[in-house]
Amino acid sequence: KKENQFTSDADMERALRSSLGISLGDFLKRRKQAIMQEEVMRREVYSKIAIEDQELRAWYEDHKDEYRQPSRFRIRELVLSKGVTPEEQAASKAKVAEIQAALKAGKSFEDLVKENSVSPSKSTGGDLGWINKGLLRSSIEAAALALKPEQVSNPVETDKDIYLVQLIAAEIDAVKPFDEVKGSIREKLG
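Remember, predicted model here, so these are calculated numbers, not experimental data. (Residues numbered from 1 in each chain as written. Predicted model: local features only at pLDDT ≥ 70, side-chain atom pairs only at ≥ 80, totals over all residues. Heavy atoms only, no water.)

**Regarding the layout of surface pockets**
Logical step 1: The computed volume of the largest pocket comes to approximately 180 Å³.
Logical step 2: Lining the largest pocket, in full, are K1, E3, N4, F6, M12, A15, L16, S19, F27, L28 and R31.
Logical step 3: Counting residues per element, the ones that place at least two in the lining of the largest pocket are α1 (9–19) and α2 (24–62).
Logical step 4: Of the residues forming the lining of the largest pocket, the biggest block, four residues, is contributed by α1.
Logical step 5: For the lining of the largest pocket, a count of residues per class yields six nonpolar, two polar and three charged. (1 Å grid on protein atoms, 1.4 Å probe; cavity = no way out; pocket = protein on both sides within 12 Å on 5 of 7 lines; lining within 4 Å. Points joined across faces, edges and corners; volume = space filled by probe spheres on them. Helix = DSSP H or I, 4+ residues; strand = E, 2+ residues; numbered from the N terminus. Nonpolar A, V, L, I, M, F, W, Y, C, P; charged D, E, K, R; others polar.)

**Examining the pattern of salt bridges**
Logical step 1: Under the counting rule described, the total for this entry stands at 11 salt bridges.
Logical step 2: Notably, a salt bridge pairs D65 with R68, separated by 3.1 Å at the nearest N-O pair.
Logical step 3: You can call D65 exposed: its relative accessible area is 61%.
Logical step 4: With a closest N to O distance of 3.2 Å, K82 and E157 form a salt bridge. (Salt bridge = Lys/Arg side-chain N within 4 Å of Asp/Glu carboxyl O. Buried < 20%, exposed > 50% of the residue type's maximum accessible area, 1.4 Å probe, protein only.)

**What about the environment of K182?**
Logical step 1: Looking at where K182 falls in the secondary structure, it is placed in helix α6 (residues 178–189).
Logical step 2: Sequence separation between K182 and R57 is 125 residues; the distance between their C-alpha atoms is 7.9 Å.
Logical step 3: Dropping the residues within four chain positions of it, K182 is found in contact with D53 and L56. (Contact = heavy atoms within 4.5 Å.)

**A few points about the sheet that holds strand β2 (residues 127–132)**
Logical step 1: The four strands are arranged β2-β1-β4-β3 in an open sheet whose pairing can be described as antiparallel. With one partner strand each, in any of the chains shown, β2 and β3 (156–157) form the two edges of the open sheet.
Logical step 2: Where strand β1 (residues 72–81) and β2 come together, four bridges link them in antiparallel fashion. Within β2, the position partnered with R72 by the bridge is N132.
Logical step 3: Helix-sheet contacts for helix α3 (residues 86–104) involve β1, β3 and β4 (161–171), and the interaxial angle to β1 is about 130 degrees. (Pairing = 2+ DSSP bridges. Axes fitted to C-alpha atoms, helices over the stretch in contact; angles between N-to-C directions.)

**Focus on the packing of aromatic side chains**
Logical step 1: Counted under the stated rule, the structure contains three aromatic pairs.
Logical step 2: The interplanar angle of 40 degrees and the centroid separation of 5.9 Å between the aromatic rings of Y60 and Y67 together place this pair among those described as tilted.
Logical step 3: Take Y67: its relative accessible area is 8%, and that puts it in the buried class.
Logical step 4: Note on Y60 and F178: the rings are 5.4 Å apart at their centroids and 65 degrees apart in plane angle, and the pair reads as edge-to-face. Within this pair, whereas Y60 is found in helix α2, its partner F178 is found in helix α6, the two being separated by 118 residues in sequence. (Phe/Tyr/Trp six-rings, centres within 6.5 Å; stacked < 30°, edge-to-face > 60°.)

**Remarks on the nonpolar core**
Logical step 1: With 12 residues, the main nonpolar core is built from F73, I75, V79, I131, I140, A143, A144, L147, V156, Y163, V165 and L167.
Logical step 2: The set of elements that each furnish at least two residues to this core consists of β1, α5 (138–145) and β4.
Logical step 3: Setting aside chain neighbours within four positions, we find A143 in contact with S153 and V156.
Logical step 4: Counting 10 residues, the second largest nonpolar core, distinct from the first, contains L80, L112, V113 and I162. (Core = buried A, V, L, I, M, F, W, Y, C linked by side-chain atoms within 4.5 Å.)

Here it is, written out as structure tokens:
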């Protein structure tokens, strides 16, 4: 009565008959039944949800391999043309030594990429974005994954180019978090 601002039972019954077509007695029976249903749900269902979460987490821990994400890493590259003639090759190696000296002196790798790289990634400071493991040339990937974040590799030579690689970040053997996969586990087990 308070919620709907009725002053008497008679006012409330008139409103119930006009809007729902039921008496005050029927309304009270329905309300009592709804309260009992809520109590049963609370006791029989909601109280078991915590147990269900524990079971889902246990299943997740036992099947973590199913939720492994592909290993991936993010690097910056500085690419110099190796050259064809012995003179060009010597000039390229001298340029690499000059770049390495600038790095030791504290110059940023990103700035050196923008000044010296011949790769299209030059415009992004050499940042190639996230790359799944196994997609790059194996020698470059191995050099990158041997680094700690912000470290720069030794020169890596390919047929045509010389690479310096800086590791930005790596996610090796990462597993999707439980909260992200809980719903799919519930569906799988349900």
